[in-house]
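# Report on the structure
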Amino acid sequence: MINESEVIRSPLLSVLQELHEKYQHLQEGKLANYIPELAKVNPDLFSICVMTIDGQIFTVGDYQHLFTIQSISKVFVYGMALEEHGRDAVLKKVGVEPTGDAFNSIVLDEMSKRPYNPMVNAGAIAITSLIKGSGPTERLNRMLDMFRRYIGHDIFIDISVFMSERTTGHRNRAMAHLMLNFGMIDHKIEEVLDLYFQQCSLMVNCQDLAVMAATLANNGINPVTGEQAVKSDYVRDILSVMYTCGMYNFAGEWAYKVGLPAKSGVSGGLIVVVPNKMGIAVFSPLLDQRGNSVRGVKVCEELSQIYGLHIFDYLRGSCKFNGN
Ligand SMILES: NC(=O)CC[C@H](N)C(=O)O
């Protein structure tokens, strides 16, 4: 039997535990209540997970608690659209410019009539409309299969959240109509919106998100299963858009302070990719005014600082993470 004193504590795990303790009583922020089902979530839930590209996992808090992936899904569906249509065709439909506006703003680029980028709702809906398949079921199944490759197991839809979004998502519906008007999506608006609401309502836990982020950090190969989740050619595109647009109208400050590609969602999830090193995921449902997890942002700012992960520090050889 292993004596507790003989167990070598992982330095990273200790750091994660300290950060969890430090922020677990922070009560800043609000639950997303524009999706009625999300307003029912326990605001105290909080977990942090890191997966390295060699498949080690470090977890603290409620890391098995399931929640809906929400906007974090946009990253992966974008990768799928790139694989199916290629860079140029996707760029014709959705730009790659940060907006400085809220994630749900109803604005399109005046000149091109494209949504600004795939990380805001309008852009994500247009990207979802590109997913190929002979009908709604095949499109959904292909998407579920793509997510399965990233996570390493099957993934399911939270029907209550899906119905909640579907019945109250008038703003997203309005955007879809606007894009239909400009010929940016085709006429099957309700099918496209259903698929978009379904992708947002997929259930994940914090550990799943860490594996997904680690897969992007590992050039598209899931570190646990060894499966190629997305062609490595497109990982660059995905990470560029995450870096410039993933945190919405906080993306600039995030790039400045944390300096890593990331994506948040209104259920309180946040993923961060440290290329060739690890994926980081935080779950805490209290959000700031821009729709980013308050505790999530703070934890990532500290982790970046502690380990010298900011991409421009990192390039100068400042990374202090040595793999455990
Ligand atoms: N930022 C988000 O997570 C938004 C996703 C949410 N499903 C919506 O469409 O509004």
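Up top you'll find the structure we're talking about.
Quick look at the structure, then. Each chain carries its own residue numbering, running from 1 in the direction its sequence is written. Only residues with pLDDT of at least 70 get local features here, since the model is predicted, and only at 80 or more are side-chain atom pairs given and counted; chain-wide, interface and lining totals rely on the full set of residues. Computation of side-chain values covers all heavy atoms of the structure but excludes hydrogens and water.

### Structural notes on the sheet that holds strand β2 (residues 57–61)
Which entries qualify depends on this criterion: At least two DSSP bridges between two strands are needed for those strands to be called paired. Secondary structure counts use DSSP, requiring at least four H or I residues in a row for a helix and at least two E residues in a row for a strand, with both numbered from the N terminus. Comment: axis = line fitted to C-alpha atoms, over the contacting stretch for helices; angle = value between 0 and 180 degrees taken between N-to-C directions. Contacts are residue-level and defined by heavy atoms, with any inter-residue pair within 4.5 Å sufficient.
Taking strand neighbours across the sheet as the criterion, the 5 strands line up as β2-β1-β7-β6-β5 in an open arrangement whose pairing is antiparallel. The sheet terminates laterally at β2 and β5 (262–264), the two strands that pair on one side only. Averaged over neighbouring strand pairs, the angle between their axes works out to 10° when direction is ignored. Note: strand β6 (residues 269–274) against strand β7 (residues 278–283), 6 bridges, orientation antiparallel. Pairing of V274 across the sheet is with M278, part of β7. On the sheet, helix α9 (residues 206–217) packs against β1 (47–52), β2, β6 and β7 and is oriented at approximately 150° with respect to β7.

### Some remarks on the layout of surface pockets
Empty space left among the atoms is revealed by rolling a probe the size of a water molecule over them. Note the threshold: Of the two site types, the cavity is a set of points on a 1 Å grid over the protein atoms alone where a 1.4 Å probe fits but cannot get out, and the pocket is an open set with protein on both sides within 12 Å along at least five of seven lines, each lined by residues with an atom within 4 Å of a point. Grid points are joined across faces, edges and corners, and a volume is the space filled by probe spheres set on the points. Ten residue types, Ala, Val, Leu, Ile, Met, Phe, Trp, Tyr, Cys and Pro, are classed as nonpolar, four, Asp, Glu, Lys and Arg, as charged, and the remainder, Gly among them, as polar.
When its volume is computed, the largest pocket comes out at roughly 310 Å³. Contributing to the lining of the largest pocket are 16 residues, with K30, L31, L287, D288 and Q289 lying nearest its centre. Residues of the lining of the largest pocket, tallied by class, amount to 7 nonpolar, 6 polar and 3 charged. By volume, the second largest pocket amounts to about 180 Å³. Together, 13 residues line the second largest pocket, and V41, L66, F67, D158 and V161 are the ones closest to its centre. Taken together, the residues of the lining of the second largest pocket sort by class into 7 nonpolar, 3 polar and 3 charged.

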